[in-house]
Amino acid sequence: MTRDRGYPDAVAGPFEGPPRTFEDREGRTIEIRAHDGSDEEYEALASMYDEFDPADRAQGIPPSQEGRVREWLETILSDDCLNVIAWDDETAAGHATLVPDGDAYELAIFVLQAYQEAGIGTRLMKTLLGYGAEEGVEKVWLTVERWNKPAVGLYKKIGFEAGNAESFELEMGIRLADAGHEGG
């Protein structure tokens, strides 16, 4: 059963896919790459989530215990999900994923506290959307707490539109491709 999440009619973007390198607001050189499936990347992400500030967890993710983090990573790093990681040298500074959900994909994004407010989250999200578009993803949705005005503002700036959800969580959707037209 497909829910109408209120996807916009207009296609957003274009967004540039990975790899991308840029200097963040703190002067760090950040590289965003698609997850390569390696054990090294898996371990770097597990370490990132072990350091994750509990105050930045929402809707139970990322999980807080190491065993649960690893189970969760096994799920979202599977072949049917799309993942990009922001790297500061060998340190995973952020991670964003698109998880299939019916005819759309759910987006989740996480940036370590030490790397927040430096422009990494915006670039990470745009790169993930570019990767999704390259891989044929048409629609993406996410949820965000209504009170999180900075995040809601960022998502709107990127092209997400709010649905009609009547809860403390706001559902937002974006269209990356028009299902009725080839070659966009």
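Described below are features of the structure shown in this document. Being a predicted model, the structure only gives us computed values, none of them experimental.

1. Points about the environment of Ser38
Assignment of secondary structure puts Ser38 in the loop between strand E2 (29–34) and helix H1 (39–51). A relative accessible area of 18% places Ser38 in the buried class. Separated by 2.8 Å, the side chains of Ser38 and Asp36 make a polar contact.

2. Quick word on the sheet that holds strand E5 (residues 104–111)
Across the sheet, which stays open at both edges, the eight strands sit in the order E1-E2-E3-E4-E5-E6-E8-E7 with mixed pairing between neighbours. Single-partner strands in this sheet number two, and they are strand E1 (20–23) and strand E7 (161–162). With two bridges connecting them, E5 and strand E6 (residues 139–145) associate as parallel partners. Counterpart to Tyr105 in the pairing with E6 is Val140. Packed onto the sheet, H1 meets E2, strand E3 (82–88), strand E4 (91–101) and E5 and runs at close to 100 degrees relative to E4.

3. Topic: helix H2 (residues 66–76)
Burial in H2 covers these residues: Val69, Trp72, Leu73 and Ile76. Burial along H2 is one-sided: seen end-on, the buried residues are contained in an arc of 105 degrees. Opposite the buried face of H2, at more than 90 degrees from it, the exposed residues are Glu71, Glu74 and Thr75. Buried residues in H2 make contact with H1, E3, E4 and E5.

Calculation criteria
Residues numbered from 1 in each chain as written. Predicted model: local features only at pLDDT ≥ 70, side-chain atom pairs only at ≥ 80, totals over all residues. Heavy atoms only, no water. Helix = DSSP H or I, 4+ residues; strand = E, 2+ residues; numbered from the N terminus. Buried < 20%, exposed > 50% of the residue type's maximum accessible area, 1.4 Å probe, protein only. Polar contact = N/O pair within 3.5 Å; in protein donor to acceptor, adjacent residues only side chain to side chain. Pairing = 2+ DSSP bridges. Contact = heavy atoms within 4.5 Å. Axes fitted to C-alpha atoms, helices over the stretch in contact; angles between N-to-C directions. Arc of directions from axis to C-beta.

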